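# Structural features, examined
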Amino acid sequence: MSRALATSSTRQTHPLPAGLDPARLPAHVAVIMDGNGRWAQRRGLPRVVGHRAGVEALKRTLRLCSDWGVGALTAYAFSTENWNRPGEEVNFLMALFERVLQREIEGLEREEVCIRFLGDLEPLPLGLQNLIAKATARTAAGSGIRFNVCTNYGGRAELVRAARRLAQRAAEGELDPASIDEQCFAAELHTAGQLDPDLLIRTSGEHRISNFLLWQLAYAELHITDVLWPDFDGEALHAALLDYQNRQRRFGGVDPAP
Ligand code: FPP
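Residues numbered from 1 in each chain as written. Predicted model: local features only at pLDDT ≥ 70, side-chain atom pairs only at ≥ 80, totals over all residues. Heavy atoms only, no water.

### A closer look at the environment of Gln-183
Among the structural elements, Gln-183 can be located in helix 6 (residues 182-186). Under the relative-accessibility criterion, Gln-183 is labelled exposed at 66%. In the structure, Gln-183 is positioned 66 residues away from Arg-249 in sequence and 21 Å away in space, judged by C-alpha atoms. (Helix = DSSP H or I, 4+ residues; strand = E, 2+ residues; numbered from the N terminus. Buried < 20%, exposed > 50% of the residue type's maximum accessible area, 1.4 Å probe, protein only.)

### Some remarks on the site of the ligand
By nearness alone, 17 residues border the ligand, and Asp-34, Gly-37, Arg-38, Arg-47 and Arg-85 come closest of all. Arg-47 places a polar side-chain atom, nitrogen or oxygen, 2.9 Å from an oxygen atom of the ligand. Compared with its free state, where it exposes 630 Å², the ligand has 90% of that area covered by protein. Mapped by element, the contributors of at least two residues to the shell around the ligand are helix 1 (36-41), helix 2 (47-68) and helix 3 (87-110). Partitioning the shell around the ligand into residue classes produces 7 nonpolar, 6 polar and 4 charged. (Near = heavy atom within 4 Å. Polar contact = N/O pair within 3.5 Å; in protein donor to acceptor, adjacent residues only side chain to side chain. Areas by Shrake-Rupley, 256 points an atom, 1.4 Å probe, with all protein chains shown as cover. Nonpolar A, V, L, I, M, F, W, Y, C, P; charged D, E, K, R; others polar.)

### Points about the environment of Asp-233
Inspection of the secondary structure assignment puts Asp-233 in the loop between strand 6 (221-224) and helix 7 (234-245). On the accessibility criterion, Asp-233 (29% relative accessible area) is partly exposed. When the C-alpha positions of Asp-233 and Phe-251 are compared, they lie 30 Å apart, and in sequence the two are 18 residues distant. Setting aside residues no more than four positions away along its own chain, Asp-233 makes contact with Arg-60 and Leu-64. Within polar-contact distance, the side chain of Asp-233 engages the backbone nitrogen of Ala-236 at 3.0 Å. (Contact = heavy atoms within 4.5 Å.)

### Observations concerning the pairing of strand 2 (residues 72-79)
For strand 2, the tally of buried residues reaches 8 of 8 residues, placing the bulk of the element in the interior. Bridge count between strand 1 (residues 28-32) and strand 2: 5 bridges; the pairing is parallel. Across the sheet, residue Ile-32 finds its bridge partner in strand 2, namely Tyr-76. Looking at chain direction, strand 2 and strand 4 (residues 146-153) are connected through 7 bridges and run parallel. Residue pairing across strands places Tyr-76 opposite Cys-150, the latter belonging to strand 4. (Pairing = 2+ DSSP bridges.)

Okay, structure coming up:
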């Protein structure tokens, strides 16, 4: 990838495509960026080339979400299970995250993106941890789109961590177990204080949640597309948002009377 997120503060913004209702956009979109490896293999290229192209797709999606008025984007960059990939691919991904962060930090700041990394960051290489801390601090006051990058993230691990933290507080006499409710539980998750995703997009046609945001996706609308992640573009995002706007969200209730 050669282009930084923004080369100028006067960059061209993308207008909302016709047919989308600006008042009914999801406030928070989550994405499972699947299909990088297959995208590369279909071209006779090494899998890692697909990951590089995946970064471009992520930048494109972040910029479009920001321009179109989506308040938050959460991307599944590396799961707790992804350590099981061949060592070479894991090392490539870690080095790629570092390179991308280093290069994009300035553009993210300039575009008022507020970036956060969700997951257990301690096992990540130290250089990456340092960059994450720097990017988080430098963009913390960003008033634009919130961009969550799930890195060494697992939904079950997140739930266990929350349960352990609550148990610890109860054991210390700071918390009455009977007072633990959904709000109190959610406050112990990596996403504390954020709205739940309204829409989950999964690329490459797989119909799975893959341990992603198990708590937060409780009422999300799911959009599965056959598009492989590196090919995910404005047209694919437009289709996902149209699909979302055609859903009736009932949150367990019933449709209002006609
Ligand atoms: C899934 O495709 C993709 C990943 C595990 C990595 C995604 C990472 C990026 C797009 C880079 C993000 C970068 C930053 C800095 C946030 P796959 O390898 O599972 O594809 P396959 O299912 O075709 O094998």
